[in-house]
Amino acid sequence: MTEPPGRRERKKAATRQKIADTALRLFLERGYDTVGIRDVAAEADVAVTTVFAHFASKEALVFERDQDFEQRLTRAVTDRPPHEPLIPALQREVQALVRHCTAEGSAPVRRMIEGSPALRKYEESMSLRHAQALAAALAADPRLSRSATACRATARFVIDAYALACQADDPGATVDEVFQMIKAAWEATES
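Residues numbered from 1 in each chain as written. Predicted model: local features only at pLDDT ≥ 70, side-chain atom pairs only at ≥ 80, totals over all residues. Heavy atoms only, no water.

S.K.: Just checking my understanding: could you explain the overall build of the protein chain for this structure?
M.R.: Of the regular secondary structure elements, the protein chain holds ten helices and zero strands. Taken over 191 residues, the protein chain has a buried fraction of 40%. Here the analysis covers contacts within the protein chain between residues at least 6 apart in sequence; of these, 67% occur between residues at least 24 apart. Total accessible area on the protein chain stands at roughly 11,200 Å², and carbon and sulfur atoms take up 52% of it. (Helix = DSSP H or I, 4+ residues; strand = E, 2+ residues; numbered from the N terminus. Buried < 20%, exposed > 50% of the residue type's maximum accessible area, 1.4 Å probe, protein only. Contact = heavy atoms within 4.5 Å. Areas by Shrake-Rupley, 256 points an atom, 1.4 Å probe, with all protein chains shown as cover.)

In structure tokens form, the structure reads like this:
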């Protein structure tokens, strides 16, 4: 059983969320390129060093749920019950993540990302990192027994399923369609 976070951890999490919320609001109001870290720090009433203690870069402020995203995907592999097949577990998690990225109010954020070369580049590197983490989780699971290539390819397809669905007219149907292909490819690599 996990211990509930202590007061210090709760305060750190609240400060992190306040900074992220402030940054996103300023980016959407004024434009990503016109808002600096100093602006975010001043508006959130924290020091610039505090912003950097929580976020490695300005781009990271936009993708503040980055670590949670990666952990959710890897936990879909590592924490699934012994009898549960891999692909449905990953599909359910991607569907849940897609619901978040397509929720009401998310369109302005998506437009901001698409309109910024720096944010698009950061998102691409983030996606590669997520795929590497997912591939490592797949390769480490003794129940799966697939080659490193099959694990890396499957991980990339899962990340791409998310990206395609977030931009689709029918996100749920897109996830379902891509996961039919992922399932077929995964089954074809069975030893």
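Following the structure, the description resumes.
S.K.: Explanation requested: the state of the cysteines in the structure shown.
M.R.: Each disulfide consists of one covalent bond between the sulfur atoms belonging to two cysteines. Inspection of every chain in the model, using the stated rule, returns one disulfide. Across the disulfide from C101 sits C166; the S-S distance is 1.9 Å. Because the sign of the S-S torsion sets the handedness, a value of about -115 degrees for the bond joining C101 and C166 places this disulfide among the left-handed ones. Placement of C101 in helix α6 (residues 86-101) and of C166 in helix α9 (residues 148-166) is noted, with a sequence separation of 65 residues between them. Accessibility assignment for this pair places C101 and C166 in one class, buried. (Disulfide = S-S within 2.5 Å.)

S.K.: Is there a simple way to think about the pattern of salt bridges in this case?
M.R.: Should the charged atoms of two oppositely charged side chains come close, the side chains can pair. According to the stated counting rule, one finds twelve salt bridges in the structure shown. With a closest N to O distance of 2.7 Å, E70 and R129 form a salt bridge. Residue E70 is found in helix α5 (residues 66-78), and its partner R129 is found in helix α8 (residues 117-140); the two are separated by 59 residues along the sequence. The partly exposed category is assigned to R129, whose relative accessible area is 33%. (Salt bridge = Lys/Arg side-chain N within 4 Å of Asp/Glu carboxyl O.)

S.K.: Help me out: how do you make sense of unusual backbone geometry in this one?
M.R.: Generally, phi is negative for residues other than glycine and the peptide bonds are trans, each holding for most cases. A positive phi is found at D45, a non-glycine position, where the angle reads about 60 degrees. Within the secondary structure, D45 sits in the loop between α2 (37-44) and α3 (48-54). Unlike most non-glycine residues, S145 shows phi in positive territory, near 40 degrees. Tracing the sequence through the fold places S145 in the loop between α8 and α9.

The values reported here are purely geometric and, on their own, carry no functional implication.
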